[in-house]
Amino acid sequence: VAEGVDACEGAVEVMRLRGVNARQCSMWDLTALSHYRTLVLLMNTVGSVGSVAGLRSLLERLHSATAPDCHVLLDISTPDWASVLAAANRRADPFRSFRENRWVVLQCWLTFGGLAGQTFPLLFVEQEAVLKVAKATGWHAELVIKDEESQQALLQLRKV
C-alpha cells in the first residue's frame, strides 16, 4: 500500500484521489519511520533543510529512524554558479553563504499578488557535497540520473 505525506492540503487531496493513503503534515513531524523500506523526497525537499548542517541533521535522523534496509530517493537542485557568482560580485559586502562548486544557501520568499511571506533559507547543493554528507551519516549514496540542462539530479541512499 502506498503512503504519502505532504504539507500541502491540495497535494494530499490529489494523492487520496489516486488511491494513496495520505495525510497532511510536515516531514519534520514524522517520527515512526521504521516500517518504511523506501522514502521518496522529491521537488528539492532537501533544500528545505536550509543548510549543509541541516542536511547532515536530516540524514542522521532518517538513518536512525528508518528500517535497516531502507532506501531514500532524493532529488537535488544544483546551483546556477554563474548567477551565484554574478550576484556575489554585485554586492559591496560579498555574499558569503556559499562554497563555490559545493553548495549555496539562498534567502527566499514567496509572493502572491501584493502578499509576501517570510524569508526562509533554501539549500542548493552539488551531488558531491551530498555524497560526502551521506557517507558521514552512515549512508551509501549514488547518482541515479543527472539532467545537466535542468540542473537536477536524483540520488539513491542506502544504509551502509
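The structure displayed is predicted, hence computed values, not measured ones.

### Regarding the overall build of the protein chain
In terms of helices and strands, the protein chain carries 4 helices and 11 strands. Relative to its 160 residues, the protein chain shows a buried fraction of 37%. Taking the intrachain contacts of the protein chain between residues at least 6 apart in sequence as the baseline, contacts between residues at least 24 apart amount to 52%. A total accessible area of about 10,000 Å² is found for the protein chain, and carbon and sulfur atoms account for 54% of it. Considering the protein chain, the positive charge centre built from 16 side chains and the negative charge centre built from 17 side chains are found 7 Å apart.

### Things to note about the packing of aromatic side chains
Across all of its chains, the model carries 1 aromatic pair by this definition. Both rings, one in Trp 81 and one in Phe 98, keep their centres 6.2 Å apart while their planes meet at 55 degrees; by these two values the pair is tilted. Highlighted residues: Trp 81 in helix H3 (residues 81–89) and Phe 98 in strand E5 (residues 98–99), separated in sequence by 17 residues. Across the pair, exposure class does not vary: Trp 81 and Phe 98 are buried alike.

### Quick notes on the sheet that holds strand E10 (residues 139–147)
In spatial order, the strands read E3-E4-E11-E10; together these 4 strands make up an open sheet with mixed pairing. Either end of the sheet is taken by a strand with one partner, and the two such strands are strand E3 (38–41) and E10. Put simply, the sheet's adjacent strands are angled 20 degrees from each other on average, direction ignored. The pairing of strand E4 (residues 71–77) with strand E11 (residues 152–159) spans 7 bridges and is classified as antiparallel. If you follow Ile 76 over to E11, its bridge partner there is Ala 153. Sheet contacts for helix H4 (residues 127–136): E4, E10 and E11; angle to E10, the most-contacted strand, approximately 165 degrees.

### Overview of the sheet that holds E5
The strand order across the open sheet built from 3 strands is E5-E6-E9, with neighbouring strands paired in antiparallel fashion. A strand with exactly one partner marks an edge of an open sheet, and here the two such strands are E5 and strand E9 (120–125).

### A closer look at a nonpolar patch on the surface
Taken together, the side chains of Val 40, Leu 42 and Met 43 define a hydrophobic patch exposed on the protein surface, amounting to about 340 Å² of accessible area. Checked against the element boundaries, Val 40 lands in strand E3.

### What to know about the pairing of strand E1 (residues 3–6)
In terms of strand pairing, E1 meets strand E2 (residues 21–24) through 4 bridges, oriented parallel. Its bridge partner being in E2, Gly 4 is matched across the sheet by Ala 22.

### Brief notes about H3
Every buried residue of H3 is accounted for by Trp 81, Val 84 and Ala 88. Considered in projection along H3, the buried side chains sweep an arc of 65 degrees and stay on one side of the axis. Those residues of H3 that are exposed and aimed more than 90 degrees away from the buried face are Ala 82 and Asn 89. The secondary structure elements touched by the buried residues of H3 are E5 and strand E6 (103–108).

### Comments concerning the pattern of salt bridges
A side chain with one charge can pair with a side chain of the opposite charge if their charged atoms come near. According to the stated counting rule, one finds 2 salt bridges in the structure shown. The residue Glu 148 makes a salt bridge to Lys 146 at a minimum N-O spacing of 3.9 Å. Overall, Glu 148 belongs to the exposed group, its relative accessible area being 58%.

### Points about the nonpolar core
Counting 31 residues, the largest nonpolar core has Leu 55, Val 72, Leu 74, Ile 76 and Leu 157 as the members making the most contacts within it. Counting residues per element, the ones that place at least two in this core are E3, helix H2 (52–65), E4, E6, E9, H4, E10 and E11. At 5 residues, H2 tops the list of elements feeding residues into this core. In this structure, Val 84, Val 104, Cys 108 and Leu 122 belong to the second largest nonpolar core, which totals 8 residues.

Cut-offs and rules
- Residues numbered from 1 in each chain as written.
- Predicted model: local features only at pLDDT ≥ 70, side-chain atom pairs only at ≥ 80, totals over all residues.
- Heavy atoms only, no water.
- Helix = DSSP H or I, 4+ residues; strand = E, 2+ residues; numbered from the N terminus.
- Buried < 20%, exposed > 50% of the residue type's maximum accessible area, 1.4 Å probe, protein only.
- Contact = heavy atoms within 4.5 Å.
- Areas by Shrake-Rupley, 256 points an atom, 1.4 Å probe, with all protein chains shown as cover.
- Lys, Arg positive; Asp, Glu negative; His and termini not counted.
- Charge placed at Lys NZ, Arg CZ, Asp CG, Glu CD.
- Phe/Tyr/Trp six-rings, centres within 6.5 Å; stacked < 30°, edge-to-face > 60°.
- Pairing = 2+ DSSP bridges.
- Axes fitted to C-alpha atoms, helices over the stretch in contact; angles between N-to-C directions.
- Patch = residues over 30% accessible without salt bridge, like charges linked within 9 Å, V, L, I, M, F, W, Y side chains within 5 Å.
- Salt bridge = Lys/Arg side-chain N within 4 Å of Asp/Glu carboxyl O.
- Arc of directions from axis to C-beta.
- Core = buried A, V, L, I, M, F, W, Y, C linked by side-chain atoms within 4.5 Å.

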